[in-house]
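Observations on the model geometry
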Amino acid sequence: MAKKLYIETVGCQMNVLDSELVVGSLRRQGYELIHEATEADVILFNTCSVRQHAEDKIYSALGRLRRHKQRHPSKIVGVLGCMAQKDQELVRRRAPHVDIVCGTGQLARLPELIAEVERTGRPQLALSLDRNEASRPEVERSFESYDPLRDPSMRPSPFQAYVRIMIGCDKFCTYCIVPSVRGPEQSRPSEHIAAEVRQLAAEGCKEITLLGQTVNSYKFDRGDGRPERLSGLLARVHDTTGIERIKFITNFPRDMSDDLLDAVRELPKVCPYLHVPVQSGCNEVLRRMKRLYTVEYYREMLERCRERVPGVAISSDFIVGFCGETEASFQRSCDLVATAGFKNSFIFKYSPRPGTKGDELYADDVPEEIKKRRNNDLLAIQNKVSLADHLRLVGQTVQVLVEGPSKTAQKHDAGAGPRQLTGRTRTDHIVVLEGNPRLLGQTVDVLIEEATAFTLFGMVATGEHVGIGADAHAEEESCTIIETQGSPRLSLPVI
Ligand code: 5AD
Ligand code: SF4
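Residues numbered from 1 in each chain as written. Chains lettered and ligands numbered in written order. Predicted model: local features only at pLDDT ≥ 70, side-chain atom pairs only at ≥ 80, totals over all residues. Heavy atoms only, no water.

Concerning the overall build of the protein
Along the backbone of the protein there are 16 helices and 21 strands. In summary, the protein has a C-alpha radius of gyration of 22 Å against a globular reference of 23 Å for 495 residues, a match within 12%. With the C-alpha coordinates of the protein rotated into their principal frame, the extents come out at 65 × 55 × 55 Å. Here the protein holds 495 residues, and 57% of them are scored as buried. Surface summary for the protein: the accessible area is close to 20,000 Å², and the carbon and sulfur share equals 51%. Between the mean site of the 66 positive side-chain charges and the mean site of the 68 negative ones, the protein shows a separation of 3 Å. (Helix = DSSP H or I, 4+ residues; strand = E, 2+ residues; numbered from the N terminus. Rg over C-alpha atoms; globule rule 2.2 N^0.38 Å. Buried < 20%, exposed > 50% of the residue type's maximum accessible area, 1.4 Å probe, protein only. Areas by Shrake-Rupley, 256 points an atom, 1.4 Å probe, with all protein chains shown as cover. Lys, Arg positive; Asp, Glu negative; His and termini not counted. Charge placed at Lys NZ, Arg CZ, Asp CG, Glu CD.)

So, the layout of surface pockets
Roughly 450 Å³ of internal volume is contained in the second largest pocket. For the second largest pocket, the lining is made up of 19 residues, of which Asn132, Phe172, Ser180, Gly355 and Thr356 are closest to its centre. Tallied by class, residues from the lining of the second largest pocket come to seven nonpolar, six polar and six charged. (1 Å grid on protein atoms, 1.4 Å probe; cavity = no way out; pocket = protein on both sides within 12 Å on 5 of 7 lines; lining within 4 Å. Points joined across faces, edges and corners; volume = space filled by probe spheres on them. Nonpolar A, V, L, I, M, F, W, Y, C, P; charged D, E, K, R; others polar.)

Observations regarding the site of ligand 2
Near ligand 2 you find Cys169, Lys171, Phe172, Cys173, Tyr175, Cys176, Val178, Pro179, Gln213, Thr214, Phe252 and Arg291, and these make up its full shell. If you map ligand 2 onto the pockets, it falls in the largest cavity. Each residue belonging to the shell around ligand 2 can be placed in one class, and the counts come to eight nonpolar, two polar and two charged. (Near = heavy atom within 4 Å. Sits in = over half its atoms within 2 Å of the grid points.)

Let's talk about the sheet that holds strand β18 (residues 419-424)
An order of β17-β18-β19-β21-β20 is seen for the five strands of this closed barrel, with the pairing classed as mixed. For this sheet, the mean angle separating the axes of adjacent strands, direction not counted, is 50°. Relative to β18, strand β17 (residues 397-405) runs antiparallel, the two being bridged by four bridges. Across the sheet, residue valine 402 finds its bridge partner in β18, namely glycine 423. (Pairing = 2+ DSSP bridges. Axes fitted to C-alpha atoms, helices over the stretch in contact; angles between N-to-C directions.)

Comments concerning helix α13 (residues 327-340)
For an α-helix the count is 3.6 residues per turn, leaving residues at separations of three or four pointing the same way. For α13, with 14 residues, the first-to-last C-alpha span of 20 Å sits near the 20 Å given by 1.5 Å per residue. Every buried residue of α13 is listed here: Ser329, Phe330, Ser333, Cys334, Leu336, Val337 and Ala340. Along the axis of α13, the buried residues cluster in a sector spanning 160°; they form a single face. Tucked into the core, α13 has its buried residues touching α11 (283-289), α12 (295-308), β15 (313-320) and α15 (368-393). Taken from the residues just after α13, glycine 341 is the one with a positive phi, measuring 70°. (Expected span 1.5 Å × (residues − 1). Arc of directions from axis to C-beta. Contact = heavy atoms within 4.5 Å.)

Let's talk about the pattern of salt bridges
Scanning the model with the defined rule gives 39 salt bridges in all. In this structure, the salt-bridge partner of arginine 119 is glutamate 116, at a minimum N-O distance of 2.8 Å. Here the residue arginine 119 and the residue glutamate 116 both occupy positions in helix α5 (residues 110-120), the gap between them amounting to three residues, near one helical turn. Among the residues examined, arginine 119 registers a relative accessible area of 62% and is labelled exposed. Aspartate 170 is the partner of arginine 136 in a salt bridge, and the nearest nitrogen-oxygen pair spans 2.9 Å. Taken together, the residues arginine 136 in helix α6 (residues 136-142) and aspartate 170 in the loop between β8 (166-167) and α7 (178-181) connect sequence positions 34 residues apart. Arginine 136 gets classed as partly exposed once you look at its relative accessible area, which sits at 36%. Several salt bridges converge on common partners, so that one network encompasses Glu207, Arg245, Lys247, Lys343, Glu403, Arg424 and Asp428. (Salt bridge = Lys/Arg side-chain N within 4 Å of Asp/Glu carboxyl O.)

Observations concerning empty space enclosed by the protein
In this approach, a probe sized like a water molecule rolls over the atoms, and the result shows the empty space that is left. Taken as a whole, this structure holds four cavities of 30 Å³ or more when the rule is applied. Space inside the largest cavity adds up to approximately 770 Å³. As for the largest cavity, its lining consists of 41 residues, of which Val50, Cys176, Val178, Gln213 and Asp317 are closest to the centre. For the lining of the largest cavity, the class distribution of residues is 21 nonpolar, 13 polar and seven charged.

Some words on the site of ligand 1
In the vicinity of ligand 1, the contacting residues are Val50, Arg51, Tyr175, Gln279, Asp317, Ile319, Phe348, Lys349, Tyr350, Ser351 and Arg353. Within the backbone of valine 50, an N or O atom sits 3.5 Å from a nitrogen atom of ligand 1. The separation between a nitrogen atom of ligand 1 and a polar main-chain atom of serine 351 is 2.8 Å. In the complex, the protein chains occlude 87% of the 410 Å² of accessible area that ligand 1 would expose alone. (Polar contact = N/O pair within 3.5 Å; in protein donor to acceptor, adjacent residues only side chain to side chain.)

Here's the deal with the nonpolar core
Core analysis: the largest hydrophobic core is formed by 53 residues, its most contacted members being Ile208, Leu210, Leu230, Leu234 and Phe248. The contacts of leucine 234, once residues within four sequence positions are left out, are Leu210, Ile246, Phe248, Leu260, Ala263, Leu267 and Val270. Within the second largest apolar cluster, 30 residues are counted, among which are Ile7, Val22, Val42 and Cys102. (Core = buried A, V, L, I, M, F, W, Y, C linked by side-chain atoms within 4.5 Å.)

Observations concerning the packing of helix α8 (residues 190-202) against helix α9 (residues 230-238)
The interhelical angle for the contact between α8 and α9, taken along N-to-C directions, is 35°, at an axis separation of 10 Å. The hand of the α8/α9 crossing is right-handed. Contacts from Ser190, Glu191, Ile193, Ala194 and Val197 of α8 reach α9 at Leu233, Arg236 and Val237. Residue composition of the contact of α8 with α9, by class: five nonpolar, one polar and two charged. (Left-handed = near helix turned anticlockwise from the far one by under 90°.)

This is the structure in C-alpha cells:
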C-alpha cells in the first residue's frame, strides 16, 4: 500500500513552491498526498520565520501531535524550511517528537532523511551553514536551489505555476530574518529557468510567476562578460509557446531599473503589475530599517514606473510599529498610502526576530496596542484608495484569467451549471464573475459592474449574463486577512 504524506505550509510563495517540489519528489518515491495529518505516515510542516506568529502556529501544531506520535512512534514528523534553519536543535528541544529538521537549502535530501529515520529510528538534522560560519562560497554551496521535476497536480492551479529564479537575499534589512534562513543571494542559470518554463508550458501552464526575494536583482553571469538581468530573462521566457502571462515578485525599490520597466512595457505577455514594498513612509525609519533609499527616491521610482509602463498597477508592503516609530513617523506612512495610489498594501506589525540587526540594535518600543491601532488605521486608508481604484474600473472590460471557484462557491457546491468563479486581471486585480466551470483556465473579457475595496464583480462580456447572487460579496471576507497575510497573493495558503 502507498505510504501517506501530509504537508502543511505557512509563509510566502517560496514556501508554497518548496512544498510543491517536496510533494513531487516524494510522490515519485510512491507516497500519496492526503489531507488528514493523523492518517499520514509522514507529517511535514514547511515553516516560516518572518514573524513570531508564524512560528507560534507551528509549535502549537507540533504540540497537538505529541500524543499522536507517542501512540504511533513509527510515524515520521518533519519540520522543514525557514524555522528549521533558524532554530535548528531548538526545534527538537521544544518538540522532542520531531524526527527531521531540514532547512530551506537541504530539501533535496528529504527522501534520504526519511529513509534514514525509518532505518535507524534516529532523528535527522540537515541544515545549511550559518552565514558567518564559513566563507561565502562554502555558505552558498550549503544552500542548494531546490528545483527538481515538477508535479502539475500540486500547483495552486494547473495553469499557473511559480518558477524560482533566485534564492537567498543579500540586502540585510535590519528587521528581516530571510538573509539568514534562506542564505546568500544566488541566481539560477537562465537556461535552466527557460527549460523549466518550457516544461510547464508543455504541461498546460498558461501563467508563470517568477520568484525571488528581490526578483529584480536577478543577475546570472553567463561567462561572456554580459550578465543576464531580469529584463533579458523576461525576453527569453516570453517566447515560450503556450505561456500567456508572466508576472514576477518581489521587487526591491533600488533595483527597479529602466531596462526592466521597458521590458515590462514592450513584452506583451509580461503583466503590468509590480509589487515593490516600501515598508515605511518615514526616512528616519527607513534608515533604521537599512532599506537603502529615501521616501523621495521611492516616490520618484513610482513616477518612473508609471511613466515607462502606462497603466501599471503597483502594490506595497508596510511594517508598522518598527523600533522608534513615533506618531509623526507613522503619519508619514499614512501620507504615503493616501497619495501613492497603491493597488493594495500588505501591512504587518513589527515582530522582532532574534538574530537580526534590528533586534540587536533597537528596542521593540512600540506597544502591541499601538501597533494594532496603526495597522488598522493604515489599512483603512489603503482600503479607501483601493476602493477608488476599483470604482474607476466599473464599466470597463478587463481580461480575466479564470483561476477557480470563488470562496463562496467552494463553500456551497452549486452542482452543474453556472458558478461563482474567481480570477485575476493582468494588473492582478481580483475579479468574481459567474460562469460555467469550463471557463477555468480560460482568459475571458469581463465587464466590471460593481466593486468593493477588495474585489471587482463582473460578467463575461461575450457570453450569457447570469446575475451575481447577493452572497457574492462574501468574497471580501477572504481578503480581509491582510494583517496576518504572509504573502502578497491573497489566494494562497498563508499564515
Ligand atoms: N516583522 C514584521 N513584518 C516583517 N516583514 C519582514 N520581516 C518582518 C518582521 N520582522 C514583512 C515585510 C516584508 C514582508 C514579506 O514581510 O513587509 O516585505
Ligand atoms: Fe528581507 Fe529586505 Fe531581503 Fe526583502 S530585501 S527578503 S525584506 S532582507
